[in-house]
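Each chain is listed here by its residues.
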Amino acid sequence: MRIAFTAKGTGWDSPMDPRFGRTAFFLVYDEEKDELIHSDNSAIEGAAHGAGPVAAQKLFELKATVLITGNGPGGNAASILEKTGIKTFVGAGEMNVKQAYEAYKNNELSEFK
Amino acid sequence: MKISIASGKGGTGKTTLSTNLSAYLTEKSTVVLADLDVEEPNSGLFIQGKLVNTEDKYKMIPEWKEEACTLCGLCQEVCNFNAVIRLGTQIMVFPQLCHSCYACSELCQSSSLPMISQKIGQISHYKRGKLDFVESRLDVGEEQAVPLISQTIKYIDQHFSQTRFKIFDAPPGTSCPVIEATKDSDFIILVTEPTPFGLHDLKLAVETMRSLNKAFAVVINRYGIGNDEVLEYCQNEKKRLLAKIPNSRRIAELYSRGELVFNQIPEMAQALKDIEDYLLKLSAKVLS
Amino acid sequence: MKEIVVISGKGGTGKTSITAAFAVLAGSDIVLADCDVDAADMHLLMKPDFAQKETFYSGETARIIQNNCTSCGKCLEVCRFNAISIIHDQYIVNPLSCEGCGYCARVCPTETIVNEIPKIGEWYISKTRTQGTMVHAKLNIGADNSGKLVAKVKNEARQITENLGKEIILIDGSPGIGCPVVSSLSGASFVVLVTEPTVSGLHDLIRVCQLIKNFNLPAGCMINKSDINPQKSKEIMAFLNENNIPLITELPYNEQFSAAMTMGKTIVEIEDKQLSELIAKAWNTITNKYV
């Protein structure tokens, strides 16, 4: 599984960013390789329109299979995530990345549909 | 003659004035009222008439045809609104983000993005006594008010060319929707309250109308509360003050129930008469 | 960090007056953000000092560089927004009509059309008259209120809240149901809905609640001028009940609202204690029970 997080920083102890399209960073954790990579989202964050769909497109390119975030994506982004089969879990906006991952593993986050 | 009723901010009495003035004017003139506050159309709550016509309104958006598409990605590159996105081997279109500029469609080498129509809202035409009322309502989830506003004005132009007064209840604010609603009006009535918020909003509205080079005058609603700053501003800046609608709890109560007030509140009728006198003179001038 | 967002759907319900009163009660415990950027007016009550000012650019507007223009007419042909006109034999872009799609620049054979990022407003970081920190903005006339300036104000407010080690951001949200209000709500911990018992108040409350539901946000409601139409107030409460939205408080119709505003004060700073006690109680309920 490749698990993506919306985060304000680039490490496990970074706080989560509750926003999806205008998040500061995307972090992707590859469970098989045990590797955490990050992708700067500032170019998208500055878009006047359609930050959501472009961010969702980026997640697709990052080959994420699961997304963990705070509030959940808007309608446009949600339709891309659905099409690309990326499962989305919300409610992790107040945690740091590590806590969010653990909460996901313990089935404590609700799935966004 | 087209008259827009506008304000810098919502909640100043724009809808109260639009609905009451329109109903009042029908005694002497032919009148159509159009609610152009398409995000939150409220005039219809006060004017319940008989439905004569409804029309769905559309905007044009591209639709992806897979067959000839080479997935070159030019469509995504030319879209300034992120409304067209290439996702692996497919192209996705996001109707709500699309501004109908046609760039992706017409620049596509393989003609894979023909434009089709997409519903964005509805126009409903009602008749209440002698008053024609046209309500325009944006579908929830649709973000762009401007195309629907311009189509509503077109509907008015087509159906009411002989009508003396075309009253537009404009959307609030100073951004794109209000510009679209007022840009081809002959005259603007700015509604405000005699409070610091009211004065501030009035100044913004005046600035907006100046940028459009529009003739306008001011109506003070809830006169009696607050202070004299709005009055002084109008005097110092030589802005015509058309009427003062007094502050009254009774008006607020009637409004809360969705009732018209002019036939129950004499001061309101007087204010409307002052406005009518001015508009009749003005329209005689415009028509001659 | 918690974000309390106050919204109302319809204008004129007292949203800004109530938010400013909360801000006075909370003083320097919170950071205040005015996200109602189109005709913003909270600064009239909070008297911020505009200490730090930044220009804000967004979107695109086309401009034709006259020297290189061959008057081929291609731009006029492709523009769907009637933004290009011929004035004294010159092709001119009307910036108020231009949507910034960039199509004209793409088809111009002499590359004489440039897309410029226009200045759409300004944003500020201020100290208010009650020594709180306030982030606010001013959108230019005719600018596209896409929600981006709203997002900017919120981001700055978050940064400052973190730097100052504060717990709460209080946000005066945008009206309507479009992009700016969606931007105001993103990241909210709790939403305060301000409404009034009128046909339009209820109508707009229902529309805005659809939005809250879509975002799955916890919310509570305040009914202002509740005694002006007790029947409508009951309808609002029934609606709230059905949707599991708690009623925070009801405020009576009281002309002290505008009297206070006229003095440049909030309703918790005047002699009349009826409103100020209710507002103080509401703020306690919000901060202690819901956030």
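Residues numbered from 1 in each chain as written. Chains lettered and ligands numbered in written order. Predicted model: local features only at pLDDT ≥ 70, side-chain atom pairs only at ≥ 80, totals over all residues. Heavy atoms only, no water.

## Comments concerning empty space enclosed by the protein
Residues and elements named next belong to chain C.
Item 1. Scanning all chains against the criterion turns up 5 cavities of 30 Å³ or more.
Item 2. Of the pockets and cavities examined, the largest cavity occupies roughly 110 Å³.
Item 3. In terms of lining, the largest cavity is formed by 15 residues, of which the most central are C79, F81, C98, C101 and C104.
Item 4. Approximately 90 Å³ is the volume found for the second largest cavity. (1 Å grid on protein atoms, 1.4 Å probe; cavity = no way out; pocket = protein on both sides within 12 Å on 5 of 7 lines; lining within 4 Å. Points joined across faces, edges and corners; volume = space filled by probe spheres on them.)

## Examining the interface of chain C and chain B
Item 1. In this complex, chain C contributes 57 residues to the contact, which on the side of chain B involves 55 residues.
Item 2. A combined buried area of about 4,600 Å² lies between chain C and chain B, and 55% of that area is made up of carbon and sulfur atoms.
Item 3. Our enumeration of links across chain C and chain B arrives at 4 salt bridges.
Item 4. When contributions to the side of chain C that touches chain B are tallied by element, the ones reaching two or more residues are α1 (15–26), α2 (43–46), α4 (103–107), β9 (133–139), α7 (199–215) and α9 (256–262) of chain C.
Item 5. With 6 residues, the single largest contributor to the side of chain C that touches chain B is α7(C).
Item 6. Considering only residue class, the side of chain C that touches chain B consists of 20 nonpolar, 21 polar and 16 charged. (Contact = heavy atoms within 4.5 Å. Buried area = accessible area lost by both parts, 1.4 Å probe. Salt bridge = Lys/Arg side-chain N within 4 Å of Asp/Glu carboxyl O. Helix = DSSP H or I, 4+ residues; strand = E, 2+ residues; numbered from the N terminus. Nonpolar A, V, L, I, M, F, W, Y, C, P; charged D, E, K, R; others polar.)

## Thoughts on helix α3 (residues 75–83) of chain A
Item 1. Taken as a whole, α3(A) has its buried residues at A:N76, A:A77, A:I80 and A:L81. Around the axis of α3(A), the buried residues are gathered within 135° of arc, so they sit on the same side. Every exposed residue of α3(A) that faces more than 90 degrees away from the buried side is listed here: A:G75 and A:E82.
Item 2. For α3(A), the elements touching its buried residues are α2 (51–61), β4 (66–68) and β5 (87–90) of chain A together with β4 (84–87) and β5 (90–93) of chain B.
Item 3. Looking one or two places after α3(A), you find A:G85, whose phi comes out positive at around 70°. (Buried < 20%, exposed > 50% of the residue type's maximum accessible area, 1.4 Å probe, protein only. Arc of directions from axis to C-beta.)

## Section: the pairing of strand β1 (residues 2–7) of chain C
All names here are of chain C.
Item 1. The element β1 is largely enclosed, with a buried count of 5 among its 6 residues.
Item 2. In terms of strand pairing, β1 meets strand β10 (residues 168–172) through 5 bridges, oriented parallel. Looking across to β10, one finds that V5 is bridged to I171.
Item 3. Judged from the 4 bridges that link them, β1 and strand β11 (residues 190–195) form a sheet pairing that is parallel. Bridged to I4 within β11 is F190. (Pairing = 2+ DSSP bridges.)

## Focus: the sheet that holds strand β3 (residues 52–57) of chain C
All names here are of chain C.
Item 1. Across the sheet, which stays open at both edges, the 9 strands sit in the order β3-β8-β9-β2-β10-β1-β11-β12-β13 with mixed pairing between neighbours. A strand with exactly one partner marks an edge of an open sheet, and here the two such strands are β3 and β13 (247–250). On average, each strand axis in the sheet is tilted by 15° relative to the strand beside it, whichever way the strands run.
Item 2. On the sheet, α1 packs against β1, β2 (30–34), β10, β11 and β12 (219–223) and is oriented at approximately 160° with respect to β10. (Axes fitted to C-alpha atoms, helices over the stretch in contact; angles between N-to-C directions.)

## Let's talk about the pairing of strand β3 (residues 35–40) of chain A
All names here are of chain A.
Item 1. Bridge count for strand β2 (residues 25–30) against β3 is 6 bridges, and the pairing is antiparallel. Paired with F26 across the strands is S39, a residue of β3.
Item 2. Between β2 and β3, which pair antiparallel in sequence order, lie 4 residues; one of them, D34, sits at a positive phi of approximately 50°.

## Things to note about the packing of aromatic side chains
Item 1. Evaluation of the coordinates by the stated rule reveals 14 aromatic pairs over all chains.
Item 2. The side chain of B:K244 reaches across the aromatic face of B:Y223, ending 4.8 Å from its centre.
Item 3. It is C:R80 that lies over the ring of B:Y102; its NZ or CZ is 3.6 Å from the centre. (Phe/Tyr/Trp six-rings, centres within 6.5 Å; stacked < 30°, edge-to-face > 60°. Lys NZ or Arg CZ within 6 Å of the ring centre and 35° of its normal.)

## So, the interface of chain B and chain A
Item 1. Tallying the contact residues gives 13 residues for chain B and 12 residues for chain A.
Item 2. Interface of chain B and chain A: buried area, both sides summed, is about 1,100 Å²; carbon and sulfur atoms make up 66% of it.
Item 3. By the criterion of area lost to chain A, the three top residues of chain B are B:N82, B:L87 and B:F94, representing 40% of everything that side buries.
Item 4. Summed over the shared surface of chain B and chain A, the result is 0 salt bridges.
Item 5. Joining chain B to chain A, the criterion identifies 2 residue pairs in polar contact (both at pLDDT 80 or more).
Item 6. Listed by contribution, the elements that provide at least two residues to the side of chain B that touches chain A are β4 and β5 of chain B.
Item 7. In terms of residue count, β4(B) provides more of the side of chain B that touches chain A than any other element does, 3 residues in total.
Item 8. A per-class count over the side of chain B that touches chain A returns 6 nonpolar, 6 polar and 1 charged. (Polar contact = N/O pair within 3.5 Å; in protein donor to acceptor, adjacent residues only side chain to side chain.)

## Some thoughts on the environment of B:Q144
Residue and element names in this part refer to chain B.
Item 1. For Q144, the location among the structural elements is in the loop between β7 (131–138) and α4 (146–159).
Item 2. Q144 has contacts with K59, Q96, L97, C98, H99 and L138, leaving out every residue within four places of it along the chain.
Item 3. A polar contact is formed between the side chain of Q144 and the backbone oxygen of C98, at a distance of 3.0 Å.

## Brief notes about unusual backbone geometry
Residue and element names in this part refer to chain B.
Item 1. Unusually for a residue other than glycine, R222 sits at a positive phi of about 55°.
Item 2. Mapped onto the elements, R222 comes out in strand β10 (residues 216–223).
Item 3. Judged by relative accessible area, R222 falls into the partly exposed class, the value being 22%.
Item 4. Notably, K238 is not glycine yet its phi reads approximately 55°, a positive angle.
Item 5. Along the chain, the position of K238 falls in the loop between α7 (229–236) and β11 (241–246).
Item 6. On the basis of relative accessibility, which here comes to 74%, the residue K238 falls in the exposed class.

## Let's talk about the domain arrangement of chain C
Accessible area lost when the parts come together is the quantity often used to give the size of an interface.
Item 1. Domain boundaries assigned for chain C yield domain 1 (2–57 + 123–290) and domain 2 (61–116).
Item 2. The C-alpha-based centres of domain 1 of chain C and domain 2 of chain C are spaced at 41 Å. (Domains from an automatic or database assignment.)

## Considering the domain arrangement of chain B
Item 1. Each domain of chain B was delimited in the assignment, giving domain 1 (2–57 + 121–287) and domain 2 (64–113).
Item 2. Summarising the inter-unit geometry, the C-alpha centres of domain 1 of chain B and domain 2 of chain B are found 40 Å apart.

## Re the layout of surface pockets
Item 1. Of the pockets and cavities examined, the second largest pocket occupies roughly 960 Å³.
Item 2. Lining the second largest pocket are 42 residues; nearest its centre among them are A:G74, A:G75, B:E143, C:V182 and C:F215.
Item 3. Counting only elements with at least two residues in the lining of the second largest pocket, the list comes to α2 and α3 of chain A together with α5 (148–164), α6 (179–185) and α7 of chain C.
Item 4. Element by element, the count of residues in the lining of the second largest pocket is highest for α5(C), at 5 residues.
Item 5. When its residues are assigned to classes, the lining of the second largest pocket shows 17 nonpolar, 18 polar and 7 charged.

## Re the side chain of B:E180
All names here are of chain B.
Item 1. For E180, the location among the structural elements is in helix α5 (residues 176–182).
Item 2. Assessed through its relative accessible area of 15%, E180 is described here as buried.
Item 3. For E180, the contacting residues outside a window of four places in its chain are V146, I149, S150 and I153.

## Some points on the sheet that holds β5(A)
Residue and element names in this part refer to chain A.
Item 1. Judged by pairing direction, the sheet is mixed, and its 6 strands sit side by side in the order β3-β2-β1-β4-β5-β6 without closing on themselves. On the outer flanks of this sheet lie β3 and β6 (110–111), each paired with one strand and no other.
Item 2. Bridging between strand β1 (residues 2–7) and β2 involves 6 bridges; their strand directions are antiparallel. Note on β2: the bridge partner recorded for F5 is L27.
Item 3. Relative to the sheet, helix α4 (residues 97–105) contacts β1, β2, β4 and β5, its axis offset from that of β1 by approximately 135°.

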